[in-house]
Amino acid sequence: MSQEPELVARRERPSPYSARPEPSNLADILERVLDKGIIIAGDIRVNLLDIELLTVKIRLLIVSVDKAAEMGIDWWKNDPMLSTSAQEVAEENRRLRERIEELESGAGESGDE
């Protein structure tokens with residue numbers, strides 16, 4: 001019985017490492033990354049005798065949609081490949097351009113006479 005109070009006392013003392021929350025699985029890690037965001041940036045340059053032959057700039061942003069919108073990044077809303085409303089706008093723009101070309105070509109012919 002003399003050992004039992006020692007064990008209880010050890011359990012009650014917080015470990016300096018236990019105060020830090022550690023992710024328990026992949027879902028927790030992914031949730032943290034998407035909530036906070038992560039940016040990876042890098043440049044690759046290929047030079048030959050001080051002549052730049054190739055430059056590749058890599059910028060990667062991993063973040064949730066909500067966090068991206070909060071940061072002002074919302075390109076997917078206007079991308080015709082990702083949004084039906086953007087597809088409708090793109091189609092309407094195409095029809096309007098065709099109509100403008102028709103009107104301009106008709107006005108040009110009648111203006112020459």
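Above this text sits the structure in question.
These numbers come from a predicted model, not from an experiment.

**Description of the overall build of the chain**
1) Next: In terms of regular secondary structure, the chain is built from 4 helices and 2 strands.
2) Next: Starting at the N terminus, the α and β elements of the chain follow one another as α-α-β-β-α-α.
3) Next: For the chain, the residues scored as buried account for 4% of the 113 residues in total.
4) Next: In the chain, the share of contacts with a sequence separation of at least 24, taken over all contacts with a separation of at least 6, comes to 17%.
5) Next: Surface exposure of the chain reaches about 10,500 Å², of which carbon and sulfur atoms provide 56%.

**Quick word on the pairing of strand 2 (residues 51-62)**
1) Next: Bridge count for strand 1 (residues 38-48) against strand 2 is 11 bridges, and the pairing is antiparallel. Note on strand 2: the bridge partner recorded for V46 is L54.
2) Next: A loop of 2 residues connects strand 1 with strand 2, the two strands running antiparallel in sequence, and L49 in this loop sits at a positive phi of about 55 degrees.

**Some words on the pattern of salt bridges**
1) Next: A complete count under the given rule lists 6 salt bridges for this structure.
2) Next: Here R59 makes a salt bridge to D43, at a shortest N to O gap of 3.1 Å. Taken as a pair, R59 in strand 2 and D43 in strand 1 lie far apart in primary sequence, 16 residues in all.
3) Next: Across the pair E91 and R95 runs a salt bridge, and its minimum N-O distance is 3.7 Å. With E91 and R95 both in helix 4 (residues 84-112) and 4 residues apart, this pair spans about one turn of that helix.

Rules behind the numbers
Residues numbered from 1 in each chain as written. Predicted model: local features only at pLDDT ≥ 70, side-chain atom pairs only at ≥ 80, totals over all residues. Heavy atoms only, no water. Helix = DSSP H or I, 4+ residues; strand = E, 2+ residues; numbered from the N terminus. Buried < 20%, exposed > 50% of the residue type's maximum accessible area, 1.4 Å probe, protein only. Contact = heavy atoms within 4.5 Å. Areas by Shrake-Rupley, 256 points an atom, 1.4 Å probe, with all protein chains shown as cover. Pairing = 2+ DSSP bridges. Salt bridge = Lys/Arg side-chain N within 4 Å of Asp/Glu carboxyl O.

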